Amino acid sequence: MTQKISPPVYVTRPALPPLEELMPYLQKIWDTRVLTNCGPFHQELEQALCEYLGVKHICLFANATIALVTALKALRIEGEVITTPYSFVATAHSLLWNGISPVFVDIEPDTLNIDPARIEAAITPKTTAIMPVHCYGTPCEVDAIQRIADNYNLKVIYDAAHAFGVKNQHGSILNYGDLSVLSFHATKVFNTFEGGAIVCPDAKTKKHIDNLKNFGFVNETTVVASGINGKMSEINAALGLLQLKHIDDLIAKRKAIDHAYRKMLTGIKGIRCLLDTTPHDTNFSYFPILVSPEYPLGRDGLYEMLKTHNIFARRYFYPLISEFSMYRGLTSSDKHHLPVADNASKQILCLPIYPDLEMETVEAIVRHIADAV
Ligand code: T4K
């Protein structure tokens, strides 16, 4: 008989601060009646995030997808942009929303991030920018990417949706490139229910982006650009301020789960933890494993078997973006140009990881994986 875990275990489960901590924030919103349009909590969260993340300027957004669309608009990117097919579809959609053609380049087998060694060959006279993704919060090869961008006069916009709080030896990974975009969606390490942000290097760019996210208004009567409504509301900003108080503890809990998985999964034939040999900077936002054909059930068999036990792992990222109908016809979507991404998308499985996940549940998940061998 199938032993089901109860309640069901999902790939992630949002962390929430104690409800009573939210009440004073709600009271203030109710008292002041300032609900949105860059109010006091919005400003406080921008300041607090700059300090916590170690970045100079942040523009809060309603979500990361609108932030990506606005980031491209802010830098007046057009023509072709080199990006990865191995990401959430919002990465490439933000290009289409700006009338830009994505050019997909293959990824590295260890990090599953865009492979800098393949970028140059994809550059054409129409190329204006590179949009890499710090997949699962693992930093891209930022120096190599910047060297290429400098040589060809290209902008770099990082989709840093997964990379909240990730640092390298020089500080925040969000300080690389021209702009970085974070997601604060419910499923992310740091969440404001829905939300996102653009990290930018100077006050002038921040002002421009702030105007763009507010319809292009610079004052009551002047509109300087065809902007959009990308503003984060006061209640989302308040949720962010609360989350931030607990974030170090939440990431530490994720780290313990990551380490437990790595230890327990060692030696299971056909299962490889990503980045198990290389020291790396991460925020433990996902726990990706590669399931090779050596594993008796295969990746999809394991995914289905776990479901029968009420364990809902996810195949982030399968299918590749380049396989969706609106991208399939592009020359760069040809699978023969993307062998590493193609293979990864067929083997990837993200196991549940979130701060409240019990160690016994982690043990049970690994037991089910091991039992099939
Ligand atoms: N760039 C990258 C690289 C991204 O990964 C994403 C988003 C973006 C850009 C765009 O960011 P946003 O515009 O969303 O800010 C989820 C998220 O919706 C999406 O934000 C995320 N990446 C993507 C990787 O995952 P789904 O469709 O898989 O989510 P869903 O609703 O199936 O949730 C997964 C599991 O999480 C559920 O099975 C249960 C749990 N869950 C989910 C929600 C929403 C909860 O327990 N509570 C919740 O409220 O896309």
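We now turn to the structure provided with this report. (Residues numbered from 1 in each chain as written. Predicted model: local features only at pLDDT ≥ 70, side-chain atom pairs only at ≥ 80, totals over all residues. Heavy atoms only, no water.)

## Points about helix α3 (residues 64-74)
As a reminder, the rule being used: Partly exposed describes any residue whose relative accessible area lies between the buried limit of under 20% and the exposed limit of over 50%, with all areas from a 1.4 Å probe on protein chains only and scaled to the type maximum. Each helix is a run of DSSP H or I of at least 4 residues and each strand a run of E of at least 2, with the numbering of both proceeding from the N terminus. Whenever two N or O atoms come within 3.5 Å, that pair is a polar contact, provided that in protein one can donate a hydrogen and the other can accept it, and provided that, for residues adjacent in sequence, both atoms are side-chain atoms.
Along α3, 8 of the 11 residues are buried, which leaves the element largely enclosed by surrounding structure. Ala-64, Ala-67, Leu-68, Val-69, Thr-70, Ala-71, Leu-72 and Ala-74 are the residues of α3 that are buried. At the N-terminal end of α3, a side-chain oxygen is found 3.0 Å from the backbone nitrogen of Thr-65, two or three residues along, and the residue is Asn-63. Within two residues after α3, Arg-76 carries a phi angle of roughly 55°, on the positive side.

## Observations concerning a negative patch on the surface
Stated precisely, the cut-off is as follows: Residues form patches when they are more than 30% accessible in relative terms and have no salt bridge. Like charges link within 9 Å. Nonpolar side chains (Val, Leu, Ile, Met, Phe, Trp, Tyr) link within 5 Å. Areas reported here follow the Shrake-Rupley algorithm with a probe of radius 1.4 Å; residue values treat only the protein chains shown as occluding. One side-chain nitrogen of Lys or Arg within 4 Å of one carboxyl oxygen of Asp or Glu is enough to make a salt bridge. Residues counted as positive are Lys and Arg, residues counted as negative are Asp and Glu, and His and the chain ends are not counted. Charge positions are represented by NZ for Lys, CZ for Arg, CG for Asp and CD for Glu.
Together, Asp-356, Glu-358, Glu-360 and Glu-363 make up a negatively charged patch on the protein surface. One can find Glu-360 in helix α11 (residues 359-371).

## A short note on the sheet that holds strand β13 (residues 271-273)
Using the following cut-off: The pairing criterion is simple: DSSP has to find at least two bridges between the two strands. Axis lines are fitted to C-alpha atoms, over the contacting stretch for helices. Their N-to-C directions set the angle, which ranges from 0 to 180 degrees.
The sheet built from 3 strands is open, its strands ordered β13-β14-β16 with antiparallel pairing. Bordering the open sheet on either side are β13 and β16 (348-351), each of which pairs with just one other strand. Across this sheet, the average inter-strand angle for adjacent strands is 35°, counted without regard to direction. Two strands pair when backbone bridges link them, and β13 and strand β14 (residues 287-291) are joined in this way by 3 bridges, in the antiparallel orientation. Across the sheet, the residue bridging to Cys-273 is Ile-289, located in β14.

## Here we look at empty space enclosed by the protein
To keep it simple, the criterion reads: With a 1 Å grid spanning the protein atoms alone, the term cavity applies to any set of points in which a 1.4 Å probe fits but cannot get out, the term pocket to an open set with protein on both sides within 12 Å along at least five of seven lines, and the term lining residue to any residue with an atom within 4 Å of a point. Grid points are joined across faces, edges and corners, and a volume is the space filled by probe spheres set on the points. Here the term charged refers only to Asp, Glu, Lys and Arg, the term nonpolar to Ala, Val, Leu, Ile, Met, Phe, Trp, Tyr, Cys and Pro, and the term polar to all other amino acids, Gly among them. Each domain's extent was defined by an automatic or database domain assignment.
Evaluation of the coordinates by the stated rule reveals 2 cavities of 30 Å³ or more. Reported here for the second largest cavity is a volume of approximately 40 Å³. Around the second largest cavity, the lining residues are Thr-12, Arg-13, Pro-14, Ala-15, Ala-186, Thr-187, Lys-188, Val-189, Asn-191, Arg-254 and Pro-355. Class assignment for the residues of the lining of the second largest cavity results in 5 nonpolar, 3 polar and 3 charged. Here the lining of the second largest cavity spans two domains, and each of domain 1 (9-14 + 247-371) and domain 2 (19-242) adds at least three residues to it.

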